[in-house]
Amino acid sequence: MNLLAIESSCDETSAAVVQDGTRVLSNIIASQEAIHSVYGGVVPEIASRRHLEVVLPVVEEALSRAAVSLDSIEGIAVTQGPGLAGSLLVGISMAKALAYARNLPLVGIHHIEGHFFASFLEHRITFPFIALVVSGGHTHLYRVDGVGRYTTLGQTRDDAAGEAFDKVAKIIGLPYPGGALIDKLASRGNPDSIRFPRPLLHDGSYNFSFSGLKTAVMQFVRKNPVPAESEALYDLCASFQAAVCEVLVEKTRAAVRDTGIERLVVAGGVACNSGLRSSMSSFAREVGIELYIPSPVFCTDNAAMLGVPADFYVRNGICDGLGLDARTVWSLDSLAGRIR
Ligand code: KG4
Ligand code: ZN
């Protein structure tokens, strides 16, 4: 079964054709990074206008790269939320128009659900598993017992991990989004040079907090200048990244230990981070669990990831009507009602 998936929740317009929930026939991503970088963050109004300009060509490109026509598409999947209202609406309107014109089943997918199923595009994974989703908007730990069967274990109390990376990048004068740049600079520094705080590390919960860490970096930089291309800058990036990674690993360790689940999926844009990838690998090896982290193209926002849960929903007749609307705020736990 070929599904066409559309993702437009933030600043990437993406369309993909996914066969049988795992085979990616195409995955086109039009990034708006360069447009928003001038403003130091995503400007919602500009994002939705840009989605509108590119959504049709992106969908056409996805069909053409997959070498399929609309005639062989059997269902439409779209990110329903959470995300920016104007951005979500562009993808949803496109998806609804296609579903209506072709009389195809339409299914709205939760953005985070897409993220943690991205690993299924490259690996066969059995349930249950623990999912750590770390992106620009989310830092969540879930227990996943099946499609639509999710339990939130913990989440950030303030900034998301990606947001902390981007804010620290801004503090040290890097362009938005700075996560990947910090990663690059960190590879040249000493992670033990500055002891930044590890928020909520031993509070006994699975929750996170990154805003205090960001403030600690800001205060450090005020007292200790970090010129561009300096050892001091590399050390700061490495030390900040080490603090974030340690908290992410230790909270995940607690979730794995307490649930006894031996499979771990790490997903979302921050899962591209080389420090996180290597510290999660060491942790998985140490405790003897299976670890799945998608290739970087499936970590950041993309439409192919939606194809995995969408395939399950469409096959089981769990679809949405044309009344489907954007859900800017949407708890993943509420999806349980979908599966009976
Ligand atoms: O999943 P994603 O593409 O979009 C959201 O749903 O938010 O994640 C984007 C986030 C940004 O905050 C970006 O700075 C961060 O992922 N990111 C990274 C790296 N690559 C992307 N953070 C740290 N290291 C990286 N290599
Ligand atoms: Zn995302």
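Structure's up top.
Nothing here was measured: the structure is a model prediction, and the numbers come from that model.

Draft legend 1. Molecular detail of the overall build of the chain. What the chain contains, in helices and strands, is 11 helices and 10 strands. Rg of the C-alpha trace for the chain: 20 Å, near the compact-globule value of 20 Å for 340 residues, within the 12% margin. Along the first, second and third principal axes, the C-alpha atoms of the chain reach 60 × 45 × 30 Å. Here the chain holds 340 residues, and the buried ones make up 55% of them. Sequence-distant contacts in the chain: of pairs separated by 6 or more residues, those separated by 24 or more amount to 73%. When the accessible surface of the chain is totalled, it reaches about 13900 Å², and 51% of it is carbon and sulfur. Here the chain contributes 29 positive and 35 negative side-chain charges, whose respective centroids are spaced 3 Å apart.

Draft legend 2. The arrangement of the sheet that holds strand S1 (residues 2-7) in detail. Taken together, five strands build an open sheet; the order of strands is S3-S2-S1-S4-S5 and the sheet is mixed. Taken across any chain shown, the strands that pair with only one partner, and hence form the sheet edges, are strand S3 (23-31) and strand S5 (106-110). Averaged over neighbouring strand pairs, the angle between their axes works out to 20° when direction is ignored. Sheet strands touched by helix H2 (residues 44-66): S1, strand S2 (12-19) and S3. Its angle to S2, the strand with the most contacts, is close to 25°. Strand contacts of helix H11 (residues 307-315): S1, S2, strand S4 (75-81) and S5, with the helix running at about 135° to S5, the strand carrying the most contacts.

Draft legend 3. Quick peek at the nonpolar core. By size, the foremost hydrophobic cluster in this structure holds 52 residues, and its most contacted members are Phe 196, Phe 240, Leu 248, Val 266 and Met 280. Elements with a contribution of two residues or more to this core: strand S6 (129-134), helix H5 (161-171), helix H6 (179-186), helix H7 (211-223), helix H8 (231-259), strand S9 (263-267) and helix H9 (274-287). For this core, the element with the most residues is H8, which contributes 15 residues. Leave out the neighbours within four places in its chain, and Phe 240 touches Ala 164, Phe 165, Val 168, Ile 182, Phe 196, Leu 213 and Val 217. Residues Val 133, Val 144, Val 147 and Trp 330 belong to the second largest nonpolar core, which totals 38 residues.

Draft legend 4. Structural detail: the environment of Gln 155. Positionally, Gln 155 belongs in strand S8 (residues 149-155). It is 5.8 Å that separates the C-alpha atoms of Gln 155 and Phe 208, two residues lying 53 residues apart in sequence. Not counting chain neighbours up to four residues away, the residues in contact with Gln 155 comprise Thr 139, His 140, Tyr 206, Asn 207 and Phe 208. Of the polar contacts made by the side chain of Gln 155, one reaches the side chain of His 140; its length is 3.5 Å.

Draft legend 5. Spatial organisation of the pairing of S4. When you tally the buried positions in S4, you get seven out of seven residues, the bulk of the element. Pairing of S1 with S4 involves four bridges; the strand directions are parallel. Opposite Leu 4, over in S4, you have Ile 76 as the bridge partner. One ladder, built from five bridges, connects S4 with S5; its direction is parallel. The residue bridging Ala 77 from the neighbouring strand is Val 107, located in S5. Taken together, S4, helix H3 (residues 85-102) and S5 constitute a β-α-β crossover, and its handedness is right-handed.

Draft legend 6. Geometry of the coordination of the zinc ion (ligand 2). Distances from the zinc ion (ligand 2) to its protein donors, namely His 111 (NE2), His 115 (NE2) and Asp 301 (OD), fall within the range 2.0 to 2.1 Å. Considering all four donor atoms around the zinc ion (ligand 2), the spread of angles at the metal, 96 to 143°, places the coordination shape in the irregular class. Within one chain, the residues serving as donors to the zinc ion (ligand 2) are arranged as H-x3-H-x185-D. Residue His 115 is found in helix H4 (residues 111-117), and its partner Asp 301 is found in the loop between helix H10 (296-299) and H11; the two are separated by 186 residues along the sequence.

Draft legend 7. Highlighting the site of ligand 1. Around ligand 1, 20 residues are found, and the nearest of them are Gly 136, Asp 166, Asp 183, Gly 269 and Asn 273. A distance of 3.4 Å separates an oxygen atom of ligand 1 from a polar atom in the backbone of Gly 137. In this structure, a nitrogen atom belonging to ligand 1 sits 2.9 Å away from a side-chain N or O atom of Asn 273. Among the elements of the structure, H4, H5 and H6 are those that each provide at least two residues to the shell around ligand 1. Looking at the shell around ligand 1, its residues break down into six nonpolar, 11 polar and three charged.

Cut-off values and rules
Numbers given to residues run from 1 along each chain, matching the order in which its sequence is written. For naming, the first written chain is A and the first written ligand is 1, with later ones following in the order written. Predicted model: local features are reported for residues with pLDDT of at least 70 only, side-chain atom pairs are reported and counted for 80 or more only, and whole-chain, interface and lining totals are derived from all residues. Note: side-chain values were computed over all heavy atoms of the structure, leaving out hydrogens and water. Where helices and strands are cited, they refer to DSSP runs of H or I of at least four residues and of E of at least two residues respectively, numbered from the N terminus. As a reference, a globule follows 2.2 Å times the number of residues to the power 0.38, and the radius of gyration itself is taken over C-alpha atoms. Between buried and exposed lies partly exposed: a residue is buried under 20% and exposed over 50% of the maximum accessible area for its type, with that area taken using a 1.4 Å probe on protein chains only. Note on definitions: a residue-residue contact is assigned when non-hydrogen atoms from the two residues lie within 4.5 Å. The Shrake-Rupley method, run with a 1.4 Å probe, gives the accessible areas here. Residue values count only the displayed protein chains as cover. His is not counted, nor are the chain ends; Lys and Arg add positive charge and Asp and Glu add negative charge. Lysine's charge is taken at NZ, arginine's at CZ, aspartate's at CG and glutamate's at CD. When DSSP locates at least two bridges between a pair of strands, those strands are taken to pair. A fitted line through C-alpha atoms serves as each axis, taken over the contacting stretch for helices, and the angle formed by two N-to-C directions is quoted from 0 to 180°. The criterion is simple. A nonpolar core is a set of buried Ala, Val, Leu, Ile, Met, Phe, Trp, Tyr and Cys residues joined through side-chain atoms within 4.5 Å. Any pair of N or O atoms that falls within 3.5 Å is considered a polar contact. Within protein, one atom must be able to donate a hydrogen and the other to accept it, and sequence-neighbouring residues count only if both atoms are side-chain atoms. Consider the strands pointing away from the viewer: the crossover is right-handed when the path from the first strand over the helix to the second runs clockwise. Donor criterion used throughout: N, O or S atom within 2.8 Å of the metal, extended to 3.2 Å for Na, K and Ca. Water excluded; incomplete-looking sites may result. Key to geometry: four donors with every angle between 85 and 135 degrees are tetrahedral; four donors are square planar and six octahedral where opposite donors lie over 155 degrees apart and all remaining angles lie between 65 and 115; all other sites are irregular. We define proximity as follows: a residue is near a molecule or strand when any one of its heavy atoms falls within 4 Å of that partner. Residue polarity is assigned by list, with Asp, Glu, Lys and Arg as charged and Ala, Val, Leu, Ile, Met, Phe, Trp, Tyr, Cys and Pro as nonpolar; anything else, Gly included, falls into the polar class.

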